[in-house]
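# Examination of the molecular architecture
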Amino acid sequence: MKENAQVDGMRERLMEYHAHDPEPRLFASLLRQIEDPFRPRDENGRLRLNPILLLLALILVLAAGTFLFFSFGGL
C-alpha cells in the first residue's frame, strides 16, 4: 500500500488532537451522546436530553411497569 502525504498529515493531526486529552472521560462522552443534537444547551447552560432517547426511555418504563403489574398483580 502506498503512503500518501494527505494520510500522513491526517495521522499527525489526529495524534495531536488526542495528545491533549489522552484518556477520554466516560461521563463527558456519555453526556455528549444523550444531548439533543439541535439544541444541546438551554439559556442557563443546562443539558437538554435528546427527545428520541427520552421517548424510548418512557416506553421502556411503561412496558416494564405493565409487565410487573400483570406478573405480580394477581389478575
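About the cut-offs
Residues numbered from 1 in each chain as written. Predicted model: local features only at pLDDT ≥ 70, side-chain atom pairs only at ≥ 80, totals over all residues. Heavy atoms only, no water. Helix = DSSP H or I, 4+ residues; strand = E, 2+ residues; numbered from the N terminus. Areas by Shrake-Rupley, 256 points an atom, 1.4 Å probe, with all protein chains shown as cover. Salt bridge = Lys/Arg side-chain N within 4 Å of Asp/Glu carboxyl O. Buried < 20%, exposed > 50% of the residue type's maximum accessible area, 1.4 Å probe, protein only. Contact = heavy atoms within 4.5 Å. Phe/Tyr/Trp six-rings, centres within 6.5 Å; stacked < 30°, edge-to-face > 60°. pLDDT = per-residue confidence, 0-100. Patch = residues over 30% accessible without salt bridge, like charges linked within 9 Å, V, L, I, M, F, W, Y side chains within 5 Å.

## Brief notes about the overall build of the chain
Across its full length, the chain carries 3 helices and 0 strands. Starting at the N terminus, the α and β elements of the chain follow one another as α-α-α. Carbon and sulfur atoms form 66% of the exposed surface of the chain, whose accessible area is close to 7400 Å².

## Notes on the pattern of salt bridges
What the rule picks out here adds up to 1 salt bridge. The partner of D8 in a salt bridge is R11, with the nearest N and O atoms 3.2 Å apart. With D8 and R11 both in helix α1 (residues 5-20), this residue pair falls 3 residues apart, about one helical turn. Classification of R11 by relative accessible area gives partly exposed; the value is 42%.

## Quick notes on the side chain of N50
Inspection of the secondary structure puts N50 in the loop between α2 (26-34) and α3 (51-72). We classify N50 as buried; its relative accessible area is 16%. In this structure N50 touches I34, E35, D36 and P37, once residues within four positions along its chain are discounted.

## What to know about the packing of aromatic side chains
Per the counting criterion, the structure on display carries 1 aromatic pair. When the ring of F69 is compared with that of F70, the centres are 5.1 Å apart and the planes differ by 80°; the resulting orientation is edge-to-face. On the accessibility criterion, F69 (48% relative accessible area) is partly exposed. Relative accessible area serves as the criterion here: at 53%, F70 is assigned to the exposed category.

## A few points about the confidence of the model for the chain
For the chain, the mean per-residue pLDDT works out to 82, and 88% of the residues sit at or above 70. Considering each helix and strand of the chain separately, the mean pLDDT is smallest for α2, with a value of 78, and largest for α3, with 94.

## What about a nonpolar patch on the surface?
On the surface, I52, L53, L55, L56, L58, I59 and L62 cluster together into a nonpolar patch covering about 690 Å² of accessible area. Relative to the helices and strands, L55 is located in helix α3.

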